[in-house]
Amino acid sequence: MADIQWDKIGFDAYRTKTLVLARWKDGKWSEIKEDDSFSFTLDPFTCVFHYAMSCFEGLKAFTQKDGRVVIFRPLENAHRMQRTARFLGLPAPDDDMFVEMCERCVRANREFLPPYGHDASLYIRPLLLGAQPKMQLTPPDEVIFAVMCAPAGSYYGAFLKSFAAVIPLNYDRAAPKGSGSYKVGANYASTFRPYQIAHNQGYMELLYLNSKTHGFIDEFGSSNFFGIKGNSYVTPLSDSVLPSITNKSLQELAADLGMKVEKRPVPVEELAEFEEVGACGTAVVITPISHIDVKEELEEDSVSRTYRYFPDGQVGPVCTRLYKALTAIQKGEAEDIHNWCHGIEL
Ligand code: PLP
Ligand code: COI
């Protein structure tokens, strides 16, 4: 097993051992290869570099209490990648190929899989990219599907701790009828600079509004939004939000816990009515939000409104309950009544 301090590891491009790879050419997929050089070479004209022809997925593998190794809901990620690939005009791996390559990636990199007893996991990152050198704006005939992984701890540096977020009114994430609901790399490129500015000001997250109306909440740059109001779990219904598998799971867990689940447009002013607000996603799991500042101009000091939930670091009871319910299933400490954990043989 790799010499890793599992309780200290963050969330980064940790170099493991083996990359699992297949190439699409002449209308079919190549054999699946495991590559310990952990690299591929591309022509500088390759369309992924110039035209951002890429999409990706993120999912996690866990060692459970009884020693079983599982991947959390991989078919959901396979389906989302197929949907995104259709949007980009790329061929996508089918369910079997997607799951098999994720399994092989975990198996080949098993020494980086955290043992039971830590909050860490093995984060799996499937990547689909246009691999043909071309200048024309038409889908490539050559594609690479690569699955890599990295041992991962908490995305923000601590689990179950609240952080501040900002609504940057002078930035939009995704255009109406654009790419917001797809996991394309380009959606993330436009968040790097505002993230840098926000981080320098002490905010961990960017909360984007729907860019058509600017009156409704869409999602965080890295994750979906939910708010807790009384016994309700409220999450935005919007066609420019990524359909989060974590959020979908939390909606089911909230219902299991007897909560009302409301998936509907969420007006910005409703932020004043929530008792708790959280970010949810594979990387961030559930990250509670301490307060949200609204800024007309992210670069300026002035804040037009603040919505407060908890002092920085503190966490509400519902976020805590949902976090525990989700992670207990992932770690095999609670019964997997929805059949979310896909067991694999190492
Ligand atoms: N929204 C965005 C923009 C994301 O990048 C992610 C991460 O994958 C999510 C939401 C959460 O999706 P999931 O729970 O499937 O990881
Ligand atoms: C994930 O949660 O899997 C993501 O892809 C989000 C990313 C910002 C790390």
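Up top is the structure these notes are about.
Residues numbered from 1 in each chain as written. Chains lettered and ligands numbered in written order. Predicted model: local features only at pLDDT ≥ 70, side-chain atom pairs only at ≥ 80, totals over all residues.

### Structural notes on the packing of helix α6 (residues 245-256) against helix α7 (residues 317-330)
- Between α6 and α7, the shortest axis-to-axis distance is 10 Å and the interhelical angle comes to 110°. Considering their axes alone, α6 and α7 lie roughly perpendicular with respect to each other. Within the contact between the two elements, α6 uses Ser 249, Leu 250, Leu 253 and Ala 254 and α7 uses Leu 322, Ala 325 and Leu 326.
- In terms of residue class, the contact of α6 with α7 is made up of 6 nonpolar, 1 polar and no charged. (Axes fitted to C-alpha atoms, helices over the stretch in contact; angles between N-to-C directions. Helix = DSSP H or I, 4+ residues; strand = E, 2+ residues; numbered from the N terminus. Parallel < 35°, antiparallel > 145°, perpendicular 65-115°, else oblique. Contact = placed C-beta atoms within 7 Å. Nonpolar A, V, L, I, M, F, W, Y, C, P; charged D, E, K, R; others polar.)

### So, the pairing of strand β5 (residues 59-63)
- Of all 5 residues that make up β5, 5 are buried, and the element is covered over most of its length.
- Burial along β5 is two-sided: Leu 59, Ala 61 and Thr 63 and Lys 60 and Phe 62, pointing in opposite directions, are all buried.
- Direction of pairing for β5 relative to strand β7 (residues 121-130): antiparallel, over a ladder of 3 bridges. Directly across from Ala 61, in β7, lies its bridge partner Leu 122.
- Sheet analysis places β5 next to strand β6 (residues 69-72), joined by 3 bridges and oriented antiparallel. When the sheet's bridge partners are listed, Thr 63 is paired in β6 with Val 69.
- Between the antiparallel neighbours β5 and β6 lie 5 residues, among them Gly 67 with a positive phi of about 95°. (Buried ≥ 20, exposed ≤ 12 C-beta atoms within 10 Å, placed from the backbone. Pairing = 2+ DSSP bridges.)

### Considerations on the site of ligand 2
- Residues in contact with ligand 2, as listed here, are Gly 58, Ser 222, Gly 281, Thr 282 and Ala 283.
- Partitioning the shell around ligand 2 into residue classes produces 1 nonpolar, 4 polar and no charged. (Near = placed C-beta within 6 Å.)

### Section: the nonpolar core
- Formed by 90 residues in total, the largest nonpolar core has its most connected members in Cys 105, Val 106, Ile 124 and Leu 207.
- It is strand β8 (residues 143-152) that contributes the most residues to this core, 8 residues altogether.
- When residues of this core are assigned to domains, at least three fall in each of domain 1 (19-152) and domain 2 (163-330).
- Filtering out sequence-adjacent residues up to four positions away, Leu 207 remains in contact with Ala 165, Val 166, Ile 167, Ile 217, Phe 220, Phe 225 and Ile 292. (Core = buried A, V, L, I, M, F, W, Y, C linked by C-beta atoms within 7 Å. Domains from an automatic or database assignment.)

### Observations concerning the environment of Leu 19
- Mapping Leu 19 onto the fold places it in strand β1 (residues 19-25).
- Here Leu 19 falls in the buried class, since 21 other C-beta atoms lie within 10 Å of it.
- Separated by 240 residues in the primary sequence, Leu 19 and Met 259 have C-alpha atoms spaced 42 Å apart.
- With near-sequence residues (within four places) excluded, Leu 19 lies in contact with Asp 35, Phe 38, Ala 146 and Met 148.

### Let's talk about the site of ligand 1
- The immediate surroundings of ligand 1 are formed by Gly 58, Glu 219, Ser 222, Ser 223, Asn 224, Leu 242, Ser 244, Ile 245, Thr 246, Asn 247, Gly 281 and Thr 282.
- In terms of residue count, the dominant contributor to the shell around ligand 1 is α6 (3 residues).
- A per-class count over the shell around ligand 1 returns 2 nonpolar, 9 polar and 1 charged.

Function cannot be inferred from these measures alone, as they are strictly geometric.
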